[in-house]
Amino acid sequence: MTKQSGVKDIFSPDLYQSVRLPCTQAETLPTWCYTSEEWYQRELEKIFLPAWHFVGRLEQIPNPGDYLTESFFGKSMIIIRGKDHHIRAFYNSCQHRGSKLLTDKGNCKFIQCKYHNWTYKLDGTLNGTPYMGKVENFNKCDYGFDTIRCEAIEGLIFITFNNSAPNLEDYLGDYSTLVAKPYRLMDMVCVREKEYKLKSNWKFYVEVDMETIHTPNIHKNSIGVQHVERPATRGEWVCVYHESEETVALHPGKRHLGFPHIQGLTGQAAKGTFFSILYPGFFIVSTQDSMWWIYKIPEGPEETRVKVGFCFPHLTVERNDFEEVAQRYYARWDQVIEEDNWITEFQQEVIRSSRPGRYSHKEFVVHEVDNWILDKVLD
């Protein structure tokens, strides 16, 4: 019996029958789903370690030797462009004594361990090994980097720790067709990144992304009322769509003061905005003049690391007035993110004193997301 839940087996499907009902009849997830260490460890095993995870954009590492570093769930990694221009991912650990190799981002002609000077080529093969000449049965070919599966789609780079995972395009289904290509995400340039550490469960932040009944309250002066619909999707992603001739990337009343729309947009891309969750927690917003992401990475049952990035088309970034006009976008983005940060931490503070509530009929996508989580965790 867990101390927190008071039940013997929090993974018994019988406990979630009320969540499984149609949205207008269903109750929300039990509170232990947002607080239990046992539940969180099962999420890591069943949801996060098998999934594809966003690590950066192609234009951030355009040249041979350019690299990014990232860490997920205690695993540190290097994402690097080789001399052959291929993007590869390796564990960020020397094969000699396990020391960390690279930090942050930059460029290198080779990767050298600061501890004992073991040196690796950009393709991960071991090249230099000081003081190993007298070691018996030692072959450098056996001690190259351990690789991580790495693929890109429309300028977005992902990794997975799961060697049995489907390829990225199959995993994301029709995301590229419905969103990434119509909004020309390949043509974007990341101009700004930020990171936050929150005392809240990752699911609260995903849930707030997928409903708009909170926007007149939490985002009264930054978003306001926002009506959405749920387009059909295929693959490990979900979305809502907001139709508006104006960009939603600026404050209401200032949306006529932004950049021109992306050239050549047609269909839904020309008429509004897609708010998408690429499961498990990569929230990416594509609108007529820009794109941004808010990535939720759990670091415990009640802690979440939030990485955000902001992108514009390269033609927009090249404008003489870019820095001046972009400040209006930054002000809106920072405000909305800080408002969501606040409400999810505010919610987490008292969730242990709560009990399951009911979904509004307008929270049908939240209900869908929560049931996707149950499908994974409960097998």
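Treat the numbers as computed from the prediction; the structure is a model and nothing was measured. (Residues numbered from 1 in each chain as written. Predicted model: local features only at pLDDT ≥ 70, side-chain atom pairs only at ≥ 80, totals over all residues. Heavy atoms only, no water.)

A word on a negative patch on the surface
Phase 1: A grouping of E229, E243, E245 and E246 is seen on the molecular surface, where their side chains present a negatively charged patch.
Phase 2: Along the chain, E245 falls in the loop between β12 (237–243) and α7 (267–271). (Patch = residues over 30% accessible without salt bridge, like charges linked within 9 Å, V, L, I, M, F, W, Y side chains within 5 Å. Areas by Shrake-Rupley, 256 points an atom, 1.4 Å probe, with all protein chains shown as cover. Salt bridge = Lys/Arg side-chain N within 4 Å of Asp/Glu carboxyl O. Lys, Arg positive; Asp, Glu negative; His and termini not counted. Charge placed at Lys NZ, Arg CZ, Asp CG, Glu CD. Helix = DSSP H or I, 4+ residues; strand = E, 2+ residues; numbered from the N terminus.)

Some remarks on the sheet that holds strand β9 (residues 147–153)
Phase 1: If you walk across this open sheet you meet the 7 strands as β1-β10-β9-β4-β3-β2-β5, and the pairing is antiparallel. The strands lining the two open edges of the sheet, one partner per strand, are β1 (52–57) and β5 (105–107). Across the sheet, the mean angle separating the axes of adjacent strands is 30° when strand polarity is ignored.
Phase 2: Examined bridge by bridge, β1 and strand β10 (residues 156–160) share 5 bridges and lie antiparallel to one another. What sits directly across from F54, in β10, is F158. (Pairing = 2+ DSSP bridges. Axes fitted to C-alpha atoms, helices over the stretch in contact; angles between N-to-C directions.)

Structural notes on the UniProt feature "domain: Rieske" (unreviewed entry) in the chain
Phase 1: Cross-referencing UniProt, the feature "domain: Rieske" (unreviewed entry) maps to residues 52–159 in the present numbering.
Phase 2: The span residues 52–159 carries 0% helix and 43% strand; its end-to-end C-alpha distance comes to 5 Å. (UniProt positions renumbered as here; feature names shortened; annotations may be inferred.)

Focus on the sheet that holds β12
Phase 1: As summarised here, the arrangement of the 6 strands in space is β11-β16-β15-β14-β13-β12, forming an open sheet in which the pairing is antiparallel. In this open sheet, the two strands that pair with only one neighbour each are β11 (188–198) and β12. In this sheet, neighbouring strand axes are inclined to one another by 15° on average, regardless of whether the strands run parallel or antiparallel.
Phase 2: Pairing of strand β15 (residues 291–300) with strand β16 (residues 303–313) involves 9 bridges; the strand directions are antiparallel. Its bridge partner being in β16, G300 is matched across the sheet by E303.

Concerning helix α2 (residues 37–48)
Phase 1: Among all positions in α2, only W39, Y40, E43, L44, I47 and F48 are buried. All buried residues of α2 fall inside an arc of 145° around its axis, so they share one side. (Buried < 20%, exposed > 50% of the residue type's maximum accessible area, 1.4 Å probe, protein only. Arc of directions from axis to C-beta.)

Remarks on the pattern of salt bridges
Phase 1: With the rule as written, the count across this model stands at 19 salt bridges.
Phase 2: The salt bridge involving R230 is made with E368; its shortest N-O contact spans 2.6 Å. With a gap of 138 residues between them, R230 in the loop between α6 (215–218) and β12 and E368 in helix α10 (residues 364–377) connect regions that are remote in the sequence.
Phase 3: Looking at R230, the relative accessible area reads 24%, which means it is partly exposed.
Phase 4: Residue K376 pairs with E236 through a salt bridge whose shortest N-O separation is 3.0 Å. Of this pair, K376 sits in helix α10 while E236 sits in the loop between α6 and β12, placing them 140 residues apart in sequence.
Phase 5: Via salt bridges that share partners, E70, E195, K197, E299, R305 and K307 belong to a single interconnected network.

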